[in-house]
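The lines below spell out each chain.
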Amino acid sequence: MILLAAAPALADDLPRPLTSDDFIAVDPAQAKLGQLLFYDRILSGNRNIACSTCHHPDLGTADGLSLGIGEGGEGLGPKRTAGTGEDRIRKRIPRNAPGLWNLGARDLHTMFHDGRLSVADMYENGFNSPAEEWLPEGLDNLLAAQAIFPLVAQFEMAGNPKENEVAGAIHQRMDYAWPILTDRVRHIPAYVEGFASAYDHITAAEDIAIADIANALSAFMIWEWSSFDSPFDAYLAGDGTALGRVEKSGMALFYGKGNCSTCHAGPLMTDQQFHAIGLPPFGPGRTRRFDPMVRDVGRMGESDVLEDAYAFKTPMLRNVALTAPYGHNGAYPTLEGIVRHHLDPLHGFEAWTRELAALPDVPWLAHVDFMVWQDSREIARQRAAVTLEPNAMSDTEVDAIVAFLEALTGRSARDDKLGIPLSVPSGLPVDQRITP
């Protein structure tokens, strides 16, 4: 009752409601074109994986795995396997596949778990990115810039050296691969016709550039997965009945005692900053070339600032109940688990067990999966980097916070807009619905 009584006093602490004006405007024809590209395997080196494989609408635009199975894998979601023979995967994806909700927000300035893509002008092209000064010209927005990097990531979509021309090109310089992918699209008449209809500056196949492909992909993701119609959004807009008693209690804790909104701040529920919260490490890690061990140093890998070690970007929370497992490496399968970890990170670090990780069986990589735990000094460094202080809460309070997080699910989040196409212009197989 104390929590309920305190809820109205939170009015000044609550964010303003999101509206359509908070998102980049999208042309429907460009979104439709992007839909086809998003589900088309033509954009992968070996033509065997699409964007949708790891960002599937039936899995909250993620893949249901802690660490993904990329190029070379077979199947979808938790049932995806690591492939066989020469085509089998060489490495797990080192980080969790994030959901795609609200990535078209105008105020979003940083992407990826380590923030290696951001709005900046240090290379005089509008972005600080792994492509540096070789980033293609003509990208409409941050999401468009983000969309082209999985295409040239070896273990995500590009494939391994000697397997295809895309993989070979990226090992010289990543921007050498984008024209190869563009040329594939240019040779498909239906795509040429679609681009000519959707973009005024395109009249022939040779006018299509990788930036146009990226812009179409971003248009689709913005159209399909902008979400601001949750019960919480309705409450922010003035409907006091949109949240139930327990959800309001959780909201009061989220914006009060729980200190959750310190990082999950503002309308997007993220400060877009980086924090070390001590998630238990596993997997190959996103190692740097000179790292002598399997580990993931997080933001420090991009910034080279020691204080950024093991810090990862604060995620947005709309539709978070749909995007399990949680954390930059998917360490926790439930909202309750990740909430409890935030409340006592060091205890969570010690109590976590490897059975919590959703990792498809890959016998030839098993020796790497938990190798980091054999290095006592590295584990000590990760413990020491934690910045969150313990915050004792009762089981009832934890349940209330979880209920509030579930109230961030959009009422239309599970509804199709453009949905999954029955076929794509390349004629390659399309990832369809995932059966339970």
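Please read all numbers here as calculations on a predicted model, not as lab measurements.

Student: Honestly, the pattern of salt bridges in this entry has me stumped. Any pointers?
Tutor: Any two side chains of opposite charge can pair, so long as their charged atoms come close to each other. All chains considered together, the criterion is met by 22 salt bridges. A salt bridge links Asp304 to Arg288; its shortest N-O distance comes to 3.4 Å. Of this pair, Asp304 sits in the loop between helix H12 (300–303) and strand E5 (312–313) while Arg288 sits in the loop between strand E4 (274–275) and H12, and the two are 16 residues apart along the sequence. In this structure Arg288 comes out as buried when scored by relative accessible area, which is 16%. Close ionic contact of Arg295 with Asp291 constitutes a salt bridge, the shortest N to O distance being 2.9 Å. Asp291 carries the same exposure label as Arg295, and that label is buried.

Student: When you look at the sheet that holds strand E2 (residues 117–119) in this model, what are you seeing that I'm missing?
Tutor: Strands pair in a sheet through their backbones, by hydrogen bonds, and they do so in one of two ways: parallel or antiparallel. Sheet architecture is open: three strands sit in the order E1-E2-E3, paired in antiparallel fashion. The two strands at the open ends of the sheet, each matched to only one other strand, are strand E1 (110–111) and strand E3 (127–128). In this sheet, E3 lies alongside E2 in antiparallel orientation, the contact comprising two bridges. Paired with Val119 across the bridge in E3 is Phe127.

Student: Would you mind showing me how to read helix H7 (residues 178–186) here?
Tutor: Count 3.6 residues to each turn of an α-helix, and residues three or four apart come out pointing the same way. For H7, the full list of buried residues reads Trp178, Leu181, Thr182, Arg184 and Val185. The buried side chains of H7 occupy one side of the element, clustering within an arc of 155 degrees when seen end-on. The secondary structure elements touched by the buried residues of H7 are helix H2 (28–38), helix H6 (165–170), helix H8 (189–198) and helix H9 (210–225).

Student: Explain the side chain of His328 here, please?
Tutor: Tracing the chain through its elements places His328 in the loop between E5 and helix H13 (335–343). Every residue in contact with His328, bar those within four places of it in the chain, is listed here: Arg95, Asn96, His113, Leu279, Asp296 and Phe312.

Student: So what exactly am I meant to see when it comes to H8 here?
Tutor: For H8, the full list of buried residues reads Tyr191, Val192, Gly194, Phe195 and Ala198. Seen along its axis, H8 keeps its buried residues to an arc of 165 degrees; they face one direction. Along H8, exposed side chains directed more than 90 degrees from the buried face belong to Pro189, Glu193 and Ser197. Close packing links the buried residues of H8 with H2, H7 and H9.

Student: Looking at this structure, I do not really get the confidence of the model for the protein. What am I missing?
Tutor: Low pLDDT marks regions whose predicted coordinates should not be analysed in detail. Across the protein, pLDDT averages 95, with 97% of residues at or above 70. Across residues 1–9, where pLDDT falls below 50, the model places six contacts with residues more than four positions away in sequence or in other chains.

Student: Teacher, can you tell me more about the side chain of Asp63 here?
Tutor: Within the secondary structure, Asp63 is located in the loop between helix H3 (51–54) and E1. Although Asp63 lies buried, it forms no salt bridge, and the closest oppositely charged side chain, Arg80, sits 6.8 Å away as judged by the N-O distance. From its side chain, Asp63 meets the backbone nitrogen of Leu65 in a polar contact 3.0 Å long. Among residues more than four places away in sequence, those in contact with Asp63 are Thr53, Cys54, Gly68, Gly77, Pro78 and Ala97.

Student: Help me understand the packing of aromatic side chains, please; the structure alone is not making it clear to me.
Tutor: Within a pair of aromatic rings, the relevant descriptors are the distance that separates the centres and the angle that separates the planes. Across all of its chains, the model carries 17 aromatic pairs by this definition. Ring centres of Phe38 and Tyr39 lie 5.3 Å apart, and the angle between their planes is 70 degrees; this geometry places the pair in the edge-to-face category. With respect to class, Phe38 is no different from Tyr39; both count as buried. Taking the centre distance of 6.5 Å and the plane angle of 45 degrees together, the rings of Trp352 and Phe370 count as tilted. Highlighted residues: Trp352 in the loop between helix H14 (345–351) and helix H15 (366–369) and Phe370 in the loop between H15 and helix H16 (376–384), separated in sequence by 18 residues. Accessibility assignment for this pair places Trp352 and Phe370 in one class, buried. One aromatic cluster is present, formed by Phe38, Tyr39, Phe220 and Trp225 through successive ring pairs. Cation over ring: Arg116 sits above Phe112, and NZ or CZ is 4.0 Å from the ring centre. Over the ring of Phe370 we find Arg354, and its NZ or CZ is 4.3 Å from the ring centre.

Student: Would you take a moment to explain the state of the cysteines for this structure?
Tutor: Working definition of a disulfide: a covalent bond connecting the sulfur atoms of two cysteines. Here the structure, examined in full by the defined rule, presents zero disulfides. Between Cys54, a cysteine without a disulfide, and Cys51, which holds the nearest cysteine sulfur, the sulfur-to-sulfur distance is 9.2 Å.

Student: Got a minute to help me understand unusual backbone geometry in this structure?
Tutor: Peptide bonds are, in most cases, trans, and in most cases residues other than glycine have a negative phi. At the junction of Ala324 and Pro325, the peptide bond is cis and its omega measures out at 0 degrees in the coordinates. Along the polypeptide, Pro325 turns up in the loop between E5 and H13. Its identity as a non-glycine residue notwithstanding, Thr61 has a phi of 70 degrees, on the positive side. By secondary structure assignment, the location of Thr61 is in the loop between H3 and E1. The phi angle at Asn319 is positive, at roughly 65 degrees, despite the residue not being glycine. Along the polypeptide, Asn319 turns up in the loop between E5 and H13.

Student: What's the story with the nonpolar core in this structure? I'm lost.
Tutor: Generally speaking, soluble globular proteins have nonpolar side chains that are buried together. In this structure, Leu37 and Phe195 are the most contacted members of the largest nonpolar core, which totals 66 residues. For this core, the secondary structure elements donating two or more residues are H2, H3, helix H4 (142–147), helix H5 (154–158), H6, H7, H8 and H9. Sort the elements by how many residues they give to this core and H9 lands first, with 10 residues. Excluding its chain neighbours within four sequence positions, the residues that come into contact with Leu37 are Leu43, Val185, Tyr191, Phe195, Ile213, Ala216 and Leu217. By size, the runner-up hydrophobic cluster in this structure holds 37 residues, among which are Leu67, Leu253, Phe254 and Val402.

Conventions and cut-offs
- Residues numbered from 1 in each chain as written.
- Predicted model: local features only at pLDDT ≥ 70, side-chain atom pairs only at ≥ 80, totals over all residues.
- Heavy atoms only, no water.
- Salt bridge = Lys/Arg side-chain N within 4 Å of Asp/Glu carboxyl O.
- Helix = DSSP H or I, 4+ residues; strand = E, 2+ residues; numbered from the N terminus.
- Buried < 20%, exposed > 50% of the residue type's maximum accessible area, 1.4 Å probe, protein only.
- Pairing = 2+ DSSP bridges.
- Arc of directions from axis to C-beta.
- Contact = heavy atoms within 4.5 Å.
- pLDDT = per-residue confidence, 0-100.
- Lys, Arg positive; Asp, Glu negative; His and termini not counted.
- Polar contact = N/O pair within 3.5 Å; in protein donor to acceptor, adjacent residues only side chain to side chain.
- Phe/Tyr/Trp six-rings, centres within 6.5 Å; stacked < 30°, edge-to-face > 60°.
- Lys NZ or Arg CZ within 6 Å of the ring centre and 35° of its normal.
- Disulfide = S-S within 2.5 Å.
- Core = buried A, V, L, I, M, F, W, Y, C linked by side-chain atoms within 4.5 Å.

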